[in-house]
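Read off the chains here:
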Amino acid sequence: DATLFVVDHGSTDGGTEGLQGVNVIPLPRTPFDEVTQVEFMADFHHAMLRFYDMFVYTDCDEMLLADPRHHRSLGSYLAASTSEVIAPTGLHTLHVPQLDPPIDLAAPILGQRRFVWFGAGMCKPTITRVKLHWRPGFHCCDRMPDYRGDLYQFHLATMDMELSLARLQLTRAM
C-alpha cells in the first residue's frame, strides 16, 4: 500500500485543500532556504523508512511515469524494482504555443503536450529504499543511483507558457 504525504510550505493558492486520501503536512511560510528544506526532507525520509519499505520524493511540479510499453503502472514498476536508489530519466515538458493550445488542467497533462527536452539535472535520486542525504535541490545525493530509462520524471514547470509567466512573476515578487 502507498501512503501519500504532501509537505505544504505555506501555500495560499488552495492547492492542498480538500485532497482525498492524502496526508497534508502544513509548514509555516518562511523565506526559501534550500539547506533547511533538504534537511527537513532527509529527516522526514529517514523517519518514514522506519515504517515503509520505500520513499519517493518529487516536487509539486514533477510527475513520475513508468514506461507504459514495459510496465502496467508506477505501482507495479516499484513493486518489481530491487534498486536501493532510483533516478528516473528527467524530461522537461514543453509548451510550443504555435503548435499546442494552452493547457487544460481538467484534462490529462501529458496527452496535451508532444514535446519534451531531456534534462540531465532532472535525473534526480527520487526513489529510495535506504537512508540517503540529498544535496540542496535534490538533484544528487551521497549514494550512486540506478539511472533508469524505463521510468520518467516529467518536469511540468514549462508545460504552459501563460502559467510559466504567471509563476515567474510570483517568484520575482518574492
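The rules behind these values
- Numbering of residues starts from 1 in each chain and follows the order in which that chain's sequence is written.
- Totals for whole chains, interfaces and linings use all residues, but because this is a predicted model, local features are given only for residues with pLDDT of at least 70 and pairs of side-chain atoms are given and counted only at 80 or more.
- With hydrogens and water stripped out, all remaining heavy atoms of the structure feed into the side-chain values.
- A run of H or I in DSSP counts as a helix once it spans at least four residues, and a run of E counts as a strand once it spans at least two, with each numbered from the N terminus.
- The globule rule used here is 2.2 Å times the number of residues to the 0.38 power, and the radius of gyration it is set against is calculated over C-alpha atoms.
- Within the patch definition used here, like charges are joined within 9 Å and nonpolar side chains (Val, Leu, Ile, Met, Phe, Trp, Tyr) within 5 Å, considering only residues with over 30% relative accessible area and no salt bridge.
- Residue burial considers only the protein chains on display, and all accessible areas are found by Shrake-Rupley using a 1.4 Å probe.
- Any Lys or Arg side-chain nitrogen found within 4 Å of a carboxyl oxygen on Asp or Glu counts as a salt bridge.
- Only protein chains enter the accessibility calculation, which uses a 1.4 Å probe; a residue is then buried when its area is under 20% of its type maximum, exposed when over 50%, and partly exposed in between.
- We define a nonpolar core as any set of buried Ala, Val, Leu, Ile, Met, Phe, Trp, Tyr and Cys residues linked to one another through side-chain atoms lying within 4.5 Å.
- We call two residues contacting when some pair of their heavy atoms lies within 4.5 Å.
- Strands pair, by our definition, only if DSSP identifies at least two bridges between them.
- Expected span, for any helix, means 1.5 Å times one less than how many residues it has.
- Two N or O atoms count as a polar contact when they lie within 3.5 Å, although within protein this holds only if one can serve as hydrogen donor and the other as acceptor, and sequence-adjacent residues are included solely when both atoms are side-chain atoms.

A look at the overall build of the chain
Along the chain, the regular secondary structure elements total three helices and eight strands. Put simply, the chain runs from its N terminus to its C terminus through helices and strands in the order β-β-α-β-β-α-β-β-β-β-α. Scaling as 2.2 N^0.38, a compact globule of 174 residues should have a C-alpha radius of gyration of about 16 Å, and the chain matches this with 17 Å. Expressed along its principal axes, the backbone C-alpha trace of the chain runs to roughly 45 × 40 × 30 Å.

Some words on a nonpolar patch on the surface
A cluster of nonpolar side chains, Met-161, Leu-165 and Leu-168, forms an exposed patch at the surface whose accessible area comes to about 260 Å². Its place among the elements puts Met-161 in helix α3 (residues 161-173). Residue classification places Met-161 among the partly exposed residues on the basis of a relative accessible area of 41%.

Section: the environment of Met-159
When you line up the elements, Met-159 lands in the loop between β8 (146-155) and α3. A relative accessible area of 10% places Met-159 in the buried class. Considered as a pair, Met-159 and Asp-61 are 98 residues apart in the sequence and their alpha carbons are 9.7 Å apart.

Observations regarding the nonpolar core
Counting residues in hydrophobic clusters, the biggest one holds 13 residues, and the most contacted among them are Met-41, Phe-55, Tyr-57, Trp-134 and Phe-138. Ignoring sequence-local partners within four residues, the contact set of Met-41 consists of Val-7, Phe-55, Tyr-57, Trp-134 and Phe-138.

Details of the pairing of strand β4 (residues 62-66)
Taking every second residue as pointing to the same face, the buried face of β4 carries Glu-62, Leu-64 and Ala-66, while none of Met-63 and Leu-65 on the other face is buried. Bridging between β4 and β8 involves five bridges; their strand directions are antiparallel. Bridging from a neighbouring strand, Glu-62 pairs with His-155 of β8.

Describing helix α1 (residues 34-48)
With 15 residues, α1 extends 21 Å from end C-alpha to end C-alpha; this agrees with the ideal 21 Å at 1.5 Å per step. One side-chain oxygen of the residue at the start of α1 lies 3.0 Å from the amide nitrogen of Val-35, identifying that residue as Asp-33.

Considerations on the side chain of Thr-89
Here Thr-89 lies in strand β5 (residues 85-94). Among the polar contacts listed, one links the side chain of Thr-89 to the backbone oxygen of Arg-148, at a separation of 2.6 Å. Among residues more than four places away in sequence, those in contact with Thr-89 are Phe-118, Cys-123, Arg-148, Gly-149, Leu-151, Tyr-152 and Gln-153.

Details of α3
Spanning 13 residues, α3 covers 18 Å between terminal C-alpha atoms, matching the ideal 18 Å at 1.5 Å per step. The N-terminus of α3 is capped by Asp-160, whose side-chain oxygen sits 3.2 Å from the backbone nitrogen of Glu-162.

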